[in-house]
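Tertiary structure, described
One-letter residues, chain by chain:
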Amino acid sequence: MPAFDLTTLAIVIVGLMGGVLGVVGYLTLGERKISAWMQDRLGPNRVGPGGLLQPLADGGKFFLKEELIPDHVDRVFYLLAPAVAVITSLLAIAVVPFGGTTPAPDPQPTVAAFDAAQADYRSHFSAVMAPGLDVGVLYVFALGSLAVYAVILAGWSANNKYSLLGALRSSAQIISYEIPLGMSVLGVVLLVGSLNLERIVAWQAPQPDGTHHGWLVLYQPLAFLLFMTAAYAEGSRLPFDLPEAEQELVGGYHTEYSSMKLGLMLMAEYVHLVTAGFIVSILFFGGWSFFGLENAVSDPVWGAVLKAAILIAKMLSYCVFAQVIRWTIPRFRFDQLMNLAWKVMIPLALFNLVCVIVVGQLGWPLVTLTVTSAALFVGAGLASARGSVTNPRRAVPKLPPGLPAGVTYASR
Amino acid sequence: MPLAESDVRWVGEPKLGFWEQLYLPAVVDGLKTTVGHLFGPKRTEQYPEQEPKLPPNYRGVHRLNRDEAGRVKCVACYMCATACPAHCIDIVAAPAPPEWTDREKYPETFVIDELRCIYCGMCEEACPVDAIELTTLYDLTGLSREQMVFDKEKLLSVFDTTTGAGTDPVRTRAGRLSPSSEPPPAR
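Residues numbered from 1 in each chain as written. Chains lettered and ligands numbered in written order. Predicted model: local features only at pLDDT ≥ 70, side-chain atom pairs only at ≥ 80, totals over all residues. Heavy atoms only, no water.

All names here are of chain B. Per the counting criterion, the structure on display carries 13 salt bridges over all chains. The partner of Arg71 in a salt bridge is Asp102, and the shortest N-O contact between them spans 3.5 Å. Here Arg71, found in the loop between β1 (62–64) and α3 (79–83), pairs with Asp102, found in the loop between β2 (89–95) and β3 (105–113); they are 31 residues apart in sequence, far enough to count as distant. By relative accessible area, which is 28% here, Asp102 ends up partly exposed. Each of the salt bridges in this network shares a partner with another, and the network as a whole consists of Asp67, Arg71, Asp102 and Arg103. (Salt bridge = Lys/Arg side-chain N within 4 Å of Asp/Glu carboxyl O. Helix = DSSP H or I, 4+ residues; strand = E, 2+ residues; numbered from the N terminus. Buried < 20%, exposed > 50% of the residue type's maximum accessible area, 1.4 Å probe, protein only.)

Following this line, the structure appears as structure tokens:
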């Protein structure tokens, strides 16, 4: 592990948290602007130039609103839920690289070699809050699934049927989508051979020995599709926002929250989006590498800034894409949601995993995986169209001609 | 009369084919629409800076028209007050000054309660001399109920303002009062 330097760490933590929360604030503005533009409106443009200070006004509004705790809630869990939501979402950022990184060293045969490798690793700069964590991907997923506790605590403690329904939907949805989320990444992990996010980035960058794999989305397009879909569902983004379906559940699990506690709940969702953006950029889009642009600057400090800028730009484009998708696709029905997870995404992720294992074992070129991904995707479409998997051909009872039972015409 | 069975068409759920089951083409289709609108022209009207263009027959605040001599055109016939479904017009008639030879009465007071008014335009329709008209003034505000009760001077000033601004030209240019204003025939 790199040396523990409290000052540097504090600066990194404060800077990163501030940066992430700033991005979150402006994502809310982006969401409103994008939805407005799509609907041929202009969006918020009165606070500051072009509406740029709108997030400040929104945040200030959250602080100034009345802090209402209904009498009928379970106070302990009611107050705990927003804290859990924010803590889990922010903790996940800790292992996510936000700029240039050096891959963590391999296991070494002797203690001396280990110390030397670690000293070498420590001498390089890594733009991560907790560098060198070998279970990086697992850590992010573990905290991502802890987020469901916030939703369940909020829904249960609020003692309100809408909150409870939202929480129940959320728990079913998040637990279901956790499986394709994890299994789609397994292919990536198998290809790279490490759970460490810094090593996953390094695998996609040009290697010291001259080989260059390229971005993992080239070899795992199906996994990318599954991962992105599952990540939307995990973050309750719109095609899958059943936990807080406004039209059905008032506000979903945060119906009974007001003031900054509601703000924290909403903030946690956007932090999830930011984390998902970083993870997708790192797992599938090469992290800080961008067709050699990352080496355009030789100065180490400006090079690190450039790498961070590339990665953050990738993260932001993911977030914007998620918002465009949100205002494009209508919400799934709950049975469709479950069908998609259990009957489509989980089998596809499993087949994809098997393909990666087989290709890796036989030593075939990586391009084979692109072909198998496409074949699996088309095959899934064919299987569904034949009605064998997602919509089994049931014999639909043909209604007798005439009026449905119980309906009569008014006599004249 | 019962429906003939041949007229009844039973509609079932459409079958999804290969293309639909791939999901992505439909998503791309949707994205084409939304992204097209993302960069398309916007229809928002920036209200306080950008005034809406209202049709000339918009029914906003009333005005009392003046004739060529600048006198109030109204002849206090009470037809608007009678036609008003909200009973918001209150007129006190008085004999016209002797130098006003074209009419025998004129309104001493003419009060419209703009808060009671439902802006139906029936007063305008009822007026035989085109003296009362609804203008396109829509942003009518006041600090009290009393302020929203418009008297004759206020209604005449609405006429001066709207004709001066050119938003609501006088709709009738006959310049003559109608027969209803004429004094009754001498017995």
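Attention shifts here to the state of the cysteines. All names here are of chain B. According to the stated counting rule, one finds zero disulfides over all chains in the structure shown. Here Cys84 is not disulfide-linked; the sulfur of Cys88 is the nearest cysteine sulfur, at 3.6 Å. Of the cysteine sulfurs around Cys127, a residue in no disulfide, the closest is that of Cys77, at 6.0 Å. For Cys127, a relative accessible area of 14% puts it in the buried group. (Disulfide = S-S within 2.5 Å.)

Many descriptions give the size of an interface as the accessible area lost when the pieces come together. With 27 residues of chain B in contact, the opposing surface of chain A contributes 32 residues. Between chain B and chain A lies a buried interface of about 2,400 Å² when both sides are counted; carbon and sulfur atoms form 67% of it. On inspection of chain B and its partner chain A, the count reaches two salt bridges. Arg43 of chain B is paired through a salt bridge with Asp40 of chain A; the nearest N and O atoms lie 3.7 Å apart. Applying the counting criterion to the chain B and chain A interface returns eight residue pairs in polar contact (both at pLDDT 80 or more). (Contact = heavy atoms within 4.5 Å. Buried area = accessible area lost by both parts, 1.4 Å probe. Polar contact = N/O pair within 3.5 Å; in protein donor to acceptor, adjacent residues only side chain to side chain.)

So, about helix α5 (residues 152–165) of chain B. All names here are of chain B. The terminal C-alpha atoms of α5 lie 20 Å apart, and with 14 residues this matches the ideal 20 Å at 1.5 Å per residue to within 8%. In the core, the buried residues of α5 are packed alongside β1, β3 and β5 (149–150). Just past α5, the residue Gly166 takes up positive phi, approximately 80 degrees. (Expected span 1.5 Å × (residues − 1).)

These results come straight from atomic positions and should not be treated as a statement about function.
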